[in-house]
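Spelled out, the chains give:
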Amino acid sequence: MCGIIGYIGPKNAIPILLNGLNRLEYRGYDSVGVSLINQDELSYLKTKGRVAALEEQLKEKRLQGNLGIGHSRWATHGQPNEINAHPQFDCQKELALVHNGIIENYTSLKKWLKQHGHRFCSDTDTEVLPHLIREYYQGDLLLAVQQALHLVEGAYGIALVFSKEPDKLIVARYGSPLVIGVVARGEYIVASDPTAIIDYTKQVIYLDDGEIAVLTRQGMKIVTLDNVRIDKKIQVVKWNLEEIAKSGFPHFMLKEIFEQPKTITNSLRGRLLVKEKDISLGGLGDWLDRIAKVKRVVIAACGTSWHAGLVGEYLFENIANLPTEVEYGSEFRYKQISIDPSVAYFVISQSGETADTLQSLRKIKQGKGNVFGIVNTVGSTIARETTAGVYLHAGPEIGVASTKSFTSQVTVLALLTLALARRRKTIPLKELESRMIALQKIPQQVASILKQHKKIKALAKKYCRYNNFLYLGRGYNFPVALEGALKLKEISYIHAEGYPAAEMKHGPISLIDRQMPVVVLATDTEDVIYQKVINNIEEIKARQGRIIAIATEGNKQITKLVDEVFYIPKTNGYLTPLLNVIPLQLLSYYIAVQRGCDVDKPRNLAKSVTVE
Ligand code: AGP
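Residues numbered from 1 in each chain as written. Predicted model: local features only at pLDDT ≥ 70, side-chain atom pairs only at ≥ 80, totals over all residues. Heavy atoms only, no water.

## A word on helix α18 (residues 530-541)
- Taking 1.5 Å as the rise per residue, α18 with 12 residues should run 16 Å; its terminal C-alpha atoms sit 17 Å apart, in good agreement.
- At its buried positions, α18 is contacted by β22 (468-473), β24 (518-522) and β25 (547-552). (Helix = DSSP H or I, 4+ residues; strand = E, 2+ residues; numbered from the N terminus. Expected span 1.5 Å × (residues − 1). Contact = heavy atoms within 4.5 Å.)

## Details of the site of the ligand
- Taken together, 14 residues are adjacent to the ligand, and S305, S349, S351, T354 and E490 come closest.
- Residue S305 places a side-chain N or O atom 2.6 Å away from an oxygen atom belonging to the ligand.
- S402 is positioned such that a nitrogen or oxygen atom in its backbone is 2.8 Å from an oxygen atom of the ligand.
- Contact with the protein chains removes 92% of the 410 Å² of surface that the ligand exposes when unbound.
- Taken together, the elements giving at least two residues each to the shell around the ligand come down to α10 (303-320) and α17 (478-492). (Near = heavy atom within 4 Å. Polar contact = N/O pair within 3.5 Å; in protein donor to acceptor, adjacent residues only side chain to side chain. Areas by Shrake-Rupley, 256 points an atom, 1.4 Å probe, with all protein chains shown as cover.)

## What about empty space enclosed by the protein?
- Under the counting rule described, the total for this entry stands at 3 cavities of 30 Å³ or more.
- In this model, the largest cavity occupies a volume close to 50 Å³.
- What lines the largest cavity is simply C2, R73, W74, A75, T76, H77, H86, G101, D125 and T126.
- Within the lining of the largest cavity, the residues separate by chemical class into 3 nonpolar, 5 polar and 2 charged. (1 Å grid on protein atoms, 1.4 Å probe; cavity = no way out; pocket = protein on both sides within 12 Å on 5 of 7 lines; lining within 4 Å. Points joined across faces, edges and corners; volume = space filled by probe spheres on them. Nonpolar A, V, L, I, M, F, W, Y, C, P; charged D, E, K, R; others polar.)

## Examining the sheet that holds strand β19 (residues 343-349)
- On the basis of which strands lie adjacent, the open sheet formed by 5 strands has the order β18-β17-β19-β20-β21 and parallel pairing. In the strand order of this sheet, the two ends are held by β18 (324-328) and β21 (388-391), each with one partner. This sheet shows a mean twist of 20 degrees between the axes of neighbouring strands, independent of strand direction.
- Direction of pairing for β19 relative to strand β20 (residues 370-375): parallel, over a ladder of 6 bridges. Pairing of A344 across the sheet is with N370, part of β20. (Pairing = 2+ DSSP bridges. Axes fitted to C-alpha atoms, helices over the stretch in contact; angles between N-to-C directions.)

## Considerations on the sheet that holds β24
- Spatial ordering of the open sheet is given by β23-β22-β24-β25-β26, a layout of 5 strands whose pairing is parallel. On the outer flanks of this sheet lie β23 (495-500) and β26 (564-568), each paired with one strand and no other. On average, each strand axis in the sheet is tilted by 20 degrees relative to the strand beside it, whichever way the strands run.
- In terms of strand pairing, β25 meets β26 through 5 bridges, oriented parallel.

## A look at the environment of A481
- By the secondary structure assignment, A481 is in helix α17.
- Accessibility expressed as a relative area gives 0% for A481, which makes it buried.
- A481 sits 449 residues away from V32 along the chain, and the two C-alpha atoms are 40 Å apart. (Buried < 20%, exposed > 50% of the residue type's maximum accessible area, 1.4 Å probe, protein only.)

## Section: the packing of helix α1 (residues 13-24) against helix α2 (residues 51-60)
- At a closest axis distance of 10 Å, the pairing of α1 and α2 adopts a crossing angle of 160 degrees. Here α1 lies roughly antiparallel to α2, going by the angle between them. Helix-helix and strand crossings are classified by hand; for α1 and α2 the assignment is left-handed. For the pair formed by α1 and α2, the contact residues are I14, L18, L21 and N22 on the first element and V51, L54, E55 and L58 on the second.
- For the contact of α1 with α2, the per-class residue count stands at 6 nonpolar, 1 polar and 1 charged. (Parallel < 35°, antiparallel > 145°, perpendicular 65-115°, else oblique. Left-handed = near helix turned anticlockwise from the far one by under 90°.)

## As for the pairing of strand β7 (residues 154-162)
- The element β7 is largely enclosed, with a buried count of 9 among its 9 residues.
- A two-sided burial pattern is seen for β7, the buried positions comprising G154, Y156, I158, L160 and F162 on one face and A155, G157, A159 and V161 on the other.
- Relative to strand β8 (residues 169-174), β7 is paired through 4 bridges, and the arrangement is antiparallel. Counterpart to G157 in the pairing with β8 is R173.
- The hairpin formed by β7 and β8 contains 6 residues between the paired strands.

## Considerations on the pattern of salt bridges
- Counted according to the given criterion, the structure contains 28 salt bridges.
- Across the salt bridge formed by R435 and E431, the nearest N and O atoms sit 2.7 Å from each other. Pair noted here: R435 and E431 are both in helix α15 (residues 429-450), with a separation of 4 residues, about one helical turn.
- Residue classification places R435 among the buried positions, given a relative accessible area of 13%.
- For E431, a relative accessible area of 25% puts it in the partly exposed group.
- It is possible to trace a salt-bridge network through shared partners that takes in D90, E94, R134 and K164. (Salt bridge = Lys/Arg side-chain N within 4 Å of Asp/Glu carboxyl O.)

See below:
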C-alpha cells in the first residue's frame, strides 16, 4: 500500500507534493521520491527512508516546476533503496511514473521489453510501465498509456508526467485507489486518498477501475482504456484527516480486520494457479523443490506469528506428511542444539524486526542451516537475512494487535503446504484441486463473516464485564484458540487462556463457573474430533459454564448445548483457522472498545518488539 501524489496548476509543485507525502506516510514509507516537469525538462529526486530525508535533500537540490508527481513506497517487489524508489522512468528519463499496486505479469512484460531494447535499472514490477508506455508512444501520450495498460495484469493506481508533453498529468486506476482533487479549473491534485488533498480542496472525483484521467491547465478529460469519454460527478469530502487515514473506521485495528478479504486476495495473487493445479511461490524459487525433500521442518516465531506457525505445523504434518516443530523465537535462540542442514527452517514475522526471531534466524545461519522467511515488511532485517522467502503482501499493519498479518501468514502457509504436498505426492491431484478451490473462496467467505459484525458487537456488549475467559479448540483450531485469547488479552486487558479442548479435564475445568465464559471453536462437523468437542461442551455445561460457540452454518444441534452461537460458512477443514479467527478478532475488538481501552496502542505493548 503506497502513497501517490500529483499536482498540475499555477503553483510551485514541490510544497504541495511534500505536504501530500507527509499526509500519506501512514500508507508505508520505506522510500520516497518526486519528479517535476519545468518547461520541457524532467527533474527528480529519490531516497531511501522517510519524507523528512527527501525534504532535507531538496534543500540542496532545489527542483522547480508546477507539474509533478511524488510517491512514498511500501515495497512489494525489490528492496527499499533509491533505485527501487518511485518515480520509475523510461530509458531516456523523459517519462516519470509512480505506482501503487502489483503488476502480476511484469516478468513477461520485462522480458518482452528487453527484447525490444529497453534497459532496466530497478528490481521493481513498476518499472515495466514507463518503458511499456514509451514503447507505444508515437506522439499521443494518452493513446500510448491506453495501449500499455491493456497489456497489464494486476492492480495499479498510477500517475505519470512526460517531458515531451509537458502540459499533462495522466492518472489511471485498476484495483488501487486514486482520487482527483479539483482545486479550480486547470488546477488539480491527485492522490491515493483524500488525506493529501483536503488541505487544498474538498471537491474530489473518485476514479473507478479501468478509468484514465488527463489533467491539463485547460481542464480535465476522463476516458476508459478504450477511449470512451466518461462524466464523473464531483463529491465533497466529509471526513477529517484521521478518519480518512482509517478509511472512516474508528481504529486502524478495525480497518485492518475489514481489509482481510483484500489482503488474503493479495497474498494469493499470482500464486494459487487453480487451472495448472499448482502453486507459484516465486520468492522461494528452486528452494521449493529442495524443501519438499527434507525430513523435518522447524518454525521459529513469536506471538501471533508463533500461532500462525502452529497452524503451519498441523498443515505440514496432516497434508504434506512433513514432521514439523514450532519454537518460540525467545526459546529456540538459546537452545543447546546443533543446526541440522537436512532440516528446512522457517521464521515468521510481520514486522521482520522482532529481536528473538531475528536471533533465531542468525543462530540457524551460524549453524550453516537454510532459513526461509514468511514476512510482511519487504526489505526488513529478517527478510534480508533469510536464504529466501515469501512476502505476505498484506500492506502496513498499523494496529498493535496483529489481525490481517495472521490471516495472510496462514494463507501463505496453506499455499506452501499445497506446494509441498504436490511435490511429495502425499495427496491425489483431485484432492489438491478441491483444496485449492476451497482456498480461492476464502476471501469472499471472510467478507460474508464481516457482514455479520453487528452480531459480534452485541455479544461483546453482553460479555465485556467478565474478567476471565477460556478459549478452546482442537486440531487446526487449537492455535486459533490461542490466537483468540491473545487478541482479547492484549487489547482489553482481560485474562484469557487458550487450550486444546481435551485439556480441560487435565486441570482447567476446575476454573469453570458462571463467571468464566468459554469460547469454543466447534466448526468442521465432518471432522472426527467434532464429537469430542461436543463432549467437552457438555462437560462445561454440566458445571454451569457460559459457552460461546463458533459453529458451521446449518449446525442446529449445537444451539441446544450452548449460550451463544456465531455461525461461519462451511469450508475445507484445513482452512477453518482463516474463518474462525475473524469472529474472535471482532469479539476482542468490540470488548476492548466497550471497556474504553486504547485499541490501536494497548498499554505496555509495541508493534514490533525489537528488544530482547
Ligand atoms: C500480536 O497481536 C502482537 N502484536 C505480537 O504478539 C506480535 O505478533 C509479535 O510481537 C511478533 O511480531 P512479528 O510478527 O512482527 O515478528
